[in-house]
Amino acid sequence: MTEKGGQQARRAALLCQNVRFGLYLDCRRRQAKALEYRQLPDGTHSLEDRADFIRHSCRIQSRAELDHNDTARAMLERIVADYQRWERQQRMLDQIAGGVKSSEAEGFGG
């Protein structure tokens with residue numbers, strides 16, 4: 001497999017291959033459209049959907065343009081920052097849920 005595009009294009013391609021990025025897009029779409037989980041379950045955004053999102057959001061036809069278009073590259077930076085913020089929130093929620101589960105188990109175990 002040969003790599004296509006420069007550093008930013010490859011960065012976008014790796015992001016699109018990340019299944020968790022798809023989960024972020026699922027969550028984002030549910031919030032934006034006021035949908036319930038049953039209407040848009042996790043795993044809905046495919047690899048192609050994720051790539052389409054990047055191209056549409058950055059207003060480009062090809063991810064290779066990210067290496068030559070400052071406006072598109074800035075939008076990619078924003079997308080990555082938003083995704084990373086979501087990931088931090090998910091980890092925090094997982095820790096809180098894990099703590100609650102542990103506390104509940106300790107309370108009922110003895």
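Residues numbered from 1 in each chain as written. Predicted model: local features only at pLDDT ≥ 70, side-chain atom pairs only at ≥ 80, totals over all residues. Heavy atoms only, no water.

A few points about the packing of helix H1 (residues 7-17) against helix H3 (residues 47-58)
Between two packed helices, what matters for the description is the angle formed by their axes and the separation of those axes.
Point 1. One can describe the packing of H1 onto H3 by two numbers: an axis separation of 8 Å at closest approach and a directional angle of 140 degrees. The pairing of H1 with H3 is recorded here as oblique in orientation. Judged by the sense of rotation from one axis to the other, the crossing of H1 with H3 is right-handed. The residues of H3 that touch H1, namely those facing Ala12, Leu15, Cys16 and Gln17, are Leu47, Arg50, Ala51 and Ile54.
Point 2. Split by residue class, the contact of H1 with H3 holds 6 nonpolar, 1 polar and 1 charged. (Axes fitted to C-alpha atoms, helices over the stretch in contact; angles between N-to-C directions. Helix = DSSP H or I, 4+ residues; strand = E, 2+ residues; numbered from the N terminus. Parallel < 35°, antiparallel > 145°, perpendicular 65-115°, else oblique. Left-handed = near helix turned anticlockwise from the far one by under 90°. Contact = heavy atoms within 4.5 Å. Nonpolar A, V, L, I, M, F, W, Y, C, P; charged D, E, K, R; others polar.)

So, the packing of aromatic side chains
Point 1. Inspection of every chain in the model, using the stated rule, returns 6 aromatic pairs.
Point 2. Ring centres of tyrosine 24 and tyrosine 83 lie 5.7 Å apart, and the angle between their planes is 65 degrees; this geometry places the pair in the edge-to-face category. One end of the pair, tyrosine 24, is in helix H2 (residues 19-33); the other, tyrosine 83, is in helix H4 (residues 70-109), and 59 residues separate them in sequence. Residue tyrosine 24 shares its accessibility class with tyrosine 83, and that shared class is buried. (Phe/Tyr/Trp six-rings, centres within 6.5 Å; stacked < 30°, edge-to-face > 60°. Buried < 20%, exposed > 50% of the residue type's maximum accessible area, 1.4 Å probe, protein only.)

A short note on unusual backbone geometry
Point 1. Positive phi outside glycine occurs at alanine 34, with the angle close to 55 degrees.
Point 2. With respect to the helices and strands, alanine 34 occurs in the loop between H2 and H3.
Point 3. On the accessibility criterion, alanine 34 (66% relative accessible area) is exposed.
Point 4. Even without being glycine, arginine 59 reaches a positive phi, approximately 55 degrees.

Focus on the environment of leucine 40
Point 1. If you trace the backbone, leucine 40 turns up in the loop between H2 and H3.
Point 2. A relative accessible area of 10% places leucine 40 in the buried class.
Point 3. Sequence spacing of leucine 40 and aspartate 26 is 14 residues, and the spatial spacing of their C-alpha atoms is 6.9 Å.

Some remarks on the confidence of the model for the protein chain
Point 1. Confidence along the protein chain averages 89 in pLDDT terms, with 85% of residues attaining 70 or more.
Point 2. No element of the protein chain has a lower mean pLDDT than H4, which averages 82, and none a higher one than H3, which averages 98.
Point 3. Low pLDDT (under 50) marks residues 102-110, which in the prediction has 0 contacts with non-local residues, meaning those over four places away or in another chain. (pLDDT = per-residue confidence, 0-100.)

With respect to the side chain of arginine 30
Point 1. Along the chain, the position of arginine 30 falls in helix H2.
Point 2. Residue classification places arginine 30 among the buried residues on the basis of a relative accessible area of 13%.
Point 3. Within polar-contact distance, the side chain of arginine 30 engages the side chain of aspartate 42 at 3.0 Å.
Point 4. If we skip the residues at most four places from it in the chain, arginine 30 touches Leu35, Glu36, Tyr37, Leu40, Pro41 and Asp42. (Polar contact = N/O pair within 3.5 Å; in protein donor to acceptor, adjacent residues only side chain to side chain.)

Concerning the nonpolar core
Point 1. Membership of the largest hydrophobic core comes to 20 residues, with the highest contact counts inside it found for Leu15, Phe21, Ile54, Cys58, Leu66, Leu76 and Ile79.
Point 2. Beyond its immediate stretch of four places on either side in the chain, cysteine 58 contacts Leu66, Ala72, Met75, Leu76 and Ile79. (Core = buried A, V, L, I, M, F, W, Y, C linked by side-chain atoms within 4.5 Å.)

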